[in-house]
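Structure assessment
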Amino acid sequence: VGVVGGVFSRSLLLDLISFWPGLILVMLVAAALYPFHRGQWRRLAAVVPLLVLTWLGSTIALHLAEGSVLPSAAADFEGPPVGTVTVGSMTVSSDGDLLVTIDDSSALYSVEMIRRGGSIAAARSLERVDADVAQVVIGERQSTGWFATRGWRLKLAGEPTWSVDLEGGLVEADLSNGSLSSLRLAGAGDVRLPVPVGLTEVSVEGRFVIHLPAGAPMRVIGADIDVPSGWTTADGEFVSPTPGDGYLVTVTDDASLVVRDS
C-alpha cells in the first residue's frame, strides 16, 4: 500500500524480497507451534502475524535508514577520490527534490536516492577529471524502473572550489562548509551560502530563500526581492551593509528571492 500510494520507493520491494529468510523463520515457528495448539490454535496463531509484522516493520526501518548493503542502494554511487582536484564544476538537473551538502568526504561527490516514493529516475553522471580540474554533469536515466524516487541526495567534497549549477523541483542546499566560484539556482528552495572568497556571481531563476553568512557582502539585482533591514536600495539594486567584493546576485524577471542573515 505504501509503494502504490507513493509513500515508499519501489525499491522497497527489492529489500523485502532480499529478506525472504524472515518468512522462512515465520513458517518454521508456525510449524513448531501447531502440535501444541490443543484446541487453542487461535491464541497461538496470533504469534504468526506478529512475526510477519515484525519482519515487515524491520525491513521498512532498514530501508528508510538507507543501508548501503540493501538492494535499494544499488542506484547510489560516488565519484573518484578528491586527489589533487582544486577546482570543480558540478551541474545537476532533475525535476525532483535535490538535497545538497558539502562536507569533508574523501570522494569528489556522491549521489544517493531519497528513499521516498516518486517518479524521478535514478541518477547518472558524466565526469571529466584533468589534473586539478573536475567537471561533472548529473542527470536522470531514461528509465525509472525499480529505483523511481522523490529525488536525490548529493554530497560534494569540501576541498575543491566549486562552480555549482542546481536545477530541481525543490532544492535544499547547505553549501556553508565549502567554497564557491559561482552558483546558479533554478526551481524553488532554500540555500545556505558559505563565506565568499572574492567576487562570486549567483544567478537565481525561480523562488528561493538564501541564507547569507553574517558580515558577508552581497549585492542583489532584481525586482521581487526581500532583504534584511539595514540594506540600501536604489534603482532595483539591494546592497548589504558590509562593503567589499562578495556575492553578486542576479534575479531573473519572473523569479523572486528572500535574503536572510544566518
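Preceding block: the structure.
Digging into unusual backbone geometry
Excluding glycine, residues mostly carry a negative phi; peptide bonds, for their part, are mostly trans. Positioned with a positive phi, Ala131 is a non-glycine residue whose angle comes to about 55°. Mapped onto the elements, Ala131 comes out in the loop between strand E5 (123-130) and strand E6 (133-140). Although it is not a glycine, Asp235 sits at a positive phi angle of roughly 50°. Residue placement: Asp235 occurs in the loop between strand E14 (232-234) and strand E15 (237-239). Here Asp235 falls in the exposed class, since its relative accessible area comes to 82%.

Concerning the side chain of Ser240
In this structure, Ser240 sits in the loop between E15 and strand E16 (247-251). Relative accessible area serves as the criterion here: at 6%, Ser240 is assigned to the buried category. Only 2.9 Å separates the side chain of Ser240 from the backbone nitrogen of Met218, close enough to count as a polar contact. Excluding anything up to four places from it in sequence, Ser240 contacts Ala216, Pro217, Met218 and Trp231.

Description of helix H1 (residues 11-18)
For H1, every residue scored as buried is listed here: Ser11, Leu12, Asp15 and Leu16. Around the axis of H1, the buried residues are gathered within 155° of arc, so they sit on the same side.

Observations concerning the side chain of Arg115
As for its placement among the helices and strands, Arg115 is situated in the loop between strand E4 (109-113) and E5. Under the relative-accessibility criterion, Arg115 is labelled buried at 1%. Of the polar contacts made by the side chain of Arg115, one reaches the side chain of Asp76; its length is 3.0 Å. Reaching out from Arg115, the side chain makes a polar contact with the backbone oxygen of Met113 at a distance of 2.5 Å. Residues contacting Arg115, with those up to four places away along its chain left out, are Ser9, His63, Leu64, Glu66, Gly67, Ser72, Ala73, Asp76 and Thr149.

Comments concerning a nonpolar patch on the surface
Taken together, the side chains of Trp20, Ile24, Met27 and Leu28 make up a nonpolar region of the molecular surface, amounting to roughly 470 Å² of accessible area. Residue placement: Ile24 occurs in helix H2 (residues 20-33).

Some details on the pairing of E6
As paired strands, strand E2 (residues 87-93) and E6 are joined by six bridges and run parallel to one another. For Thr91, the partnering residue across the bridge sits in E6 and is Val137. Relative to E6, E5 runs antiparallel, the two sharing eight bridges. Residue pairing in the sheet places Arg124 in a bridge with Gly139 of E6. From the end of E5 to the start of E6, which pair antiparallel, there are two residues, and Ala131 there has a positive phi angle of about 55°.

What to know about the environment of Ile225
Tracing the sequence through the fold places Ile225 in strand E13 (residues 224-226). Placed 47 residues apart in sequence, Ile225 and Gly178 show a C-alpha to C-alpha distance of 25 Å. Here Ile225 is in contact with Val220, Phe238, Val251 and Leu257, once residues within four sequence places are set aside.

Describing the nonpolar core
Ile138, Met218 and Val220 are the most contacted members of the largest nonpolar core, which totals 50 residues. The biggest single contributor to this core is strand E11 (residues 200-212), with five residues. When residues no more than four places from it in sequence are discounted, the contact partners of Met218 are Leu193, Ile210, Leu212, Trp231, Phe238, Val239, Ser240, Tyr247, Val249 and Val259.

Describing the packing of aromatic side chains
Within the structure shown, the criterion is met by one aromatic pair. Geometrically, the ring pair formed by Phe77 and Tyr109 is edge-to-face, given 6.4 Å between the ring centres and 85° between the ring planes. Here the residue Phe77 occupies a position in strand E1 (residues 77-78), and Tyr109 occupies one in strand E4, the gap between them amounting to 32 residues. The exposure class assigned to Tyr109 is buried, which follows from its relative accessible area of 1%.

Cut-offs applied
Residues numbered from 1 in each chain as written. Predicted model: local features only at pLDDT ≥ 70, side-chain atom pairs only at ≥ 80, totals over all residues. Heavy atoms only, no water. Helix = DSSP H or I, 4+ residues; strand = E, 2+ residues; numbered from the N terminus. Buried < 20%, exposed > 50% of the residue type's maximum accessible area, 1.4 Å probe, protein only. Polar contact = N/O pair within 3.5 Å; in protein donor to acceptor, adjacent residues only side chain to side chain. Contact = heavy atoms within 4.5 Å. Arc of directions from axis to C-beta. Patch = residues over 30% accessible without salt bridge, like charges linked within 9 Å, V, L, I, M, F, W, Y side chains within 5 Å. Areas by Shrake-Rupley, 256 points an atom, 1.4 Å probe, with all protein chains shown as cover. Salt bridge = Lys/Arg side-chain N within 4 Å of Asp/Glu carboxyl O. Pairing = 2+ DSSP bridges. Core = buried A, V, L, I, M, F, W, Y, C linked by side-chain atoms within 4.5 Å. Phe/Tyr/Trp six-rings, centres within 6.5 Å; stacked < 30°, edge-to-face > 60°.

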